[in-house]
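Each chain is listed here by its residues.
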Amino acid sequence: MTNNQTGPATSQRLAAEIEGDFVVFMIGMRVNKLWKVSAWLPVFLAMPRMLGELAKHPELGLLGGRFAGGTLIQFWRSAEQLNAYAQARQHVHLPAWRAFNQKARQSGGAVGIWHETYRVAAGQYETVYVDMPAFGLGRAGKLVEASGRRRTAAGRMGGQVAVSE
């Protein structure tokens, strides 16, 4: 799991590739009542435990991810693996989720959480990285030179290769 953009920038023009379908999962929280620390602090503290567990167990399906401000963006192999992790009693998420729900009912809206899940079909995405270290999908998958059909956004999406980008 990557939480920042580490590593040296490359002077190459690269694109990300990932084999097969995958899932983009975004999740965040919003503190609505800052003074109700007991309601939002457990939510904040639960995430590092989940990320640590997922980093130790790649077989659970997390391919990579990073924080963008207060939003965590993750790449998963499948929605089935994401849902299995979320619902598994033996993993960190479900007990944390149950504790949050219990506290949330008692806190009067002190903290909100949200998530969005997107299924991405194989080849139905486009990326480009110029003078960047491995980042986003480029860290979850692999980086390849953005040449040939990958030279343009349309080409990277599997469409017609345009004259310029």
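Structure's up top.
From a predicted model like this one, the values you see are computed outputs, not experimental measurements.

Q: Tell me about the side chain of T127, and please be specific about residues and values.
A: Tracing the backbone shows T127 in the loop between β5 (111-120) and β6 (129-130). For T127, a relative accessible area of 12% translates into the label buried. Reaching out from T127, the side chain makes a polar contact with the backbone nitrogen of A16 at a distance of 2.7 Å.

Q: Outline the packing of aromatic side chains, listing residues and values.
A: Counted according to the given criterion, the structure contains 3 aromatic pairs. Aromatic pair F22 and Y125: ring centres 5.4 Å apart, planes at 75°, arrangement edge-to-face. Of this pair, F22 sits in strand β2 (residues 22-31) while Y125 sits in the loop between β5 and β6; the two residues are 103 residues apart in sequence, bridging distant segments of the chain. In textbook terms, an aromatic cluster arises when at least three aromatic residues are bridged by ring pairs, as seen for F22, F75 and Y125.

Q: Describe the nonpolar core, and please don't skip the residues or the numbers.
A: Residues L54, W76 and Y85 are the most contacted members of the largest nonpolar core, which totals 16 residues. Where this core is concerned, the elements lending two or more residues are β2, α1 (37-56), β4 (71-76) and α2 (79-87). Among the elements that take part in this core, α1 stands out by supplying 5 residues, more than any other. Leaving out residues up to four positions away in the same chain, L54 has contacts with L60, L62, Q74, W76 and Y85. Formed by 10 residues, the second largest nonpolar core is a distinct cluster that contains A16, F75, Y129 and A140.

The rules behind each value
Residues numbered from 1 in each chain as written. Predicted model: local features only at pLDDT ≥ 70, side-chain atom pairs only at ≥ 80, totals over all residues. Heavy atoms only, no water. Helix = DSSP H or I, 4+ residues; strand = E, 2+ residues; numbered from the N terminus. Buried < 20%, exposed > 50% of the residue type's maximum accessible area, 1.4 Å probe, protein only. Polar contact = N/O pair within 3.5 Å; in protein donor to acceptor, adjacent residues only side chain to side chain. Phe/Tyr/Trp six-rings, centres within 6.5 Å; stacked < 30°, edge-to-face > 60°. Core = buried A, V, L, I, M, F, W, Y, C linked by side-chain atoms within 4.5 Å. Contact = heavy atoms within 4.5 Å.

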